[in-house]
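Below, each chain spelled out in residue letters.
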Amino acid sequence: MNKKYCPTCKYQNSFNVNFCTQCGSKIIGESDNQARLCVLYGEPTGAVFLVRHGRTTIGHDSSNLIVLGDALISNKHAVITFDIENYKIEDRNSKNGVFVNGEKIKEKKLLVDGSVIKIGSTTLKFEHNNGSSSDAQPS
């Protein structure tokens, strides 16, 4: 069963709740087109993390908005930024790099619905139903 992790307290909630049952924080987006990362492989498998407008930091350290326990993930591994209409991911000088759709990125990389991100040994899927064609190809 899929679980949602609270962005505030990291508590594991059932998938069908809108607010954290531990701290009361909102854990779903304002609408169905809220971007999110789903953990396909790694811990916590099945977790769904919301991606904020602005900056969403990813790493091993608890100061990140998305904290992953994978030992191969750097403390401050990656950041996803939103600029008006696009989400892009960038490596934050991590030791093991960031891969999008099998390619190691060297600069900011555009994310589209269905992009597969590998950070350490963790595999994530970027989901964003923004009303655009599902035939869009990542650049």
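For the structure, see preceding data.
About the criteria used
- Residue numbers run consecutively from 1 along every chain, following the written order of its sequence.
- Local features in this predicted model are restricted to residues whose pLDDT is 70 or higher, and side-chain atom pairs enter the listing and the counts only when it is 80 or higher, whereas totals over whole chains, interfaces and linings include all residues.
- To obtain the side-chain values, all non-hydrogen atoms of the structure were used and water was disregarded.
- Strands are runs of DSSP state E lasting at least two residues, helices are runs of H or I lasting at least four, and both sets are numbered from the N terminus onward.
- In this description, contact between two residues means that some pair of their heavy atoms is separated by no more than 4.5 Å.
- Salt bridges are defined by distance alone: a side-chain nitrogen of Lys or Arg within 4 Å of a carboxyl oxygen of Asp or Glu.
- The rule is simple: take the accessible area with a 1.4 Å probe, protein chains only, and divide by the maximum for that residue type; under 20% is buried, over 50% is exposed, in between is partly exposed.
- Only when DSSP finds a minimum of two bridges between them are two strands counted as paired.
- When the centres of two rings from Phe, Tyr and Trp lie within 6.5 Å, Trp using its six-membered ring, the rings pair. Their planes under 30 degrees apart give stacked, over 60 give edge-to-face, and anything left gives tilted.
- Among the buried residues, those of types Ala, Val, Leu, Ile, Met, Phe, Trp, Tyr and Cys that are joined through side-chain atoms within 4.5 Å form a nonpolar core.
- Counting rule applied: Lys, Arg positive; Asp, Glu negative; His and chain ends not counted.
- Here a polar contact means two N or O atoms within 3.5 Å. Within protein one must be a hydrogen donor candidate and the other an acceptor candidate, and residues neighboring in sequence count only if both atoms are side-chain atoms.

**Points about the environment of Y5**
Following the sequence through the fold, Y5 ends up in strand β1 (residues 3–5). Residues within four places of Y5 in sequence aside, it is in contact with K10, Y11, Q12, P44, A47, V48 and F49.

**Structural notes on the pattern of salt bridges**
Counting across every chain of the model gives two salt bridges. Between E127 and R36 there is a salt bridge, and its shortest N-O distance comes to 3.2 Å. With E127 in strand β13 (residues 122–127) and R36 in strand β3 (residues 36–41), this residue pair connects regions lying 91 residues apart in the sequence. Classification of R36 as partly exposed rests on a relative accessible area of 24%. Notably, a salt bridge pairs D83 with K88, separated by 4.0 Å at the nearest N-O pair. Overall, D83 belongs to the partly exposed group, its relative accessible area being 37%.

**Considering the sheet that holds strand β11 (residues 109–111)**
Sheet architecture is open: five strands sit in the order β6-β5-β7-β8-β11, paired in mixed fashion. Strands with a single pairing partner mark the edges of an open sheet, and in this sheet they are β6 (66–67) and β11.

**A closer look at the packing of aromatic side chains**
Going through the model one piece at a time under the given rule, you end up with two aromatic pairs. Here a set of aromatic residues connected by ring pairs shows up, and it is made of F82, Y87 and F126.

**Notes on the sheet that holds strand β9 (residues 98–100)**
Taken together, the eight strands give an open sheet; going across it, the order is β2-β1-β4-β3-β13-β12-β9-β10, and neighbouring strands pair in mixed fashion. Each edge of the open sheet carries a strand with a single partner, namely β2 (12–14) and β10 (103–104). In this sheet, strand β12 (residues 116–119) lies alongside β9 in antiparallel orientation, the contact comprising three bridges. Following the sheet pairing, F99 is matched in β12 by K118.

**As for the nonpolar core**
Counting residues in hydrophobic clusters, the biggest one holds 24 residues, and the most contacted among them are L37, I89 and I117. Of all elements in the fold, only β3, β4 (47–50), β7 (78–83), β8 (86–91), β9, β12 and β13 reach the threshold of two or more residues within this core. Broken down by element, this core gets its largest block of residues, three residues, from β7. With residues up to four places along the chain from it excluded, the contact list for L37 reads A47, V48, F49, V51, I58, I66, I80, I117, L124, K125 and F126.

**Examining the pairing of β12**
Regular strands place their side chains on alternate faces of the sheet. The two faces of β12 differ: I117 and I119 on one face are buried, but V116 and K118 on the other face are not. Counting the residues that bridge the hairpin from β12 to β13 gives two residues, and of these G120 lies at a positive phi of roughly 60 degrees.

**Focus on the side chain of D70**
Of note, D70 is situated in the loop between β6 and β7. Lacking a salt bridge, the buried D70 has K118 as its closest oppositely charged neighbour, with an N-O distance of 8.1 Å. A polar contact is formed between the side chain of D70 and the backbone nitrogen of S121, at a distance of 2.6 Å. For D70, the residues in contact, after removing those within four places along its chain, are H60, I119, G120, S121 and T122.

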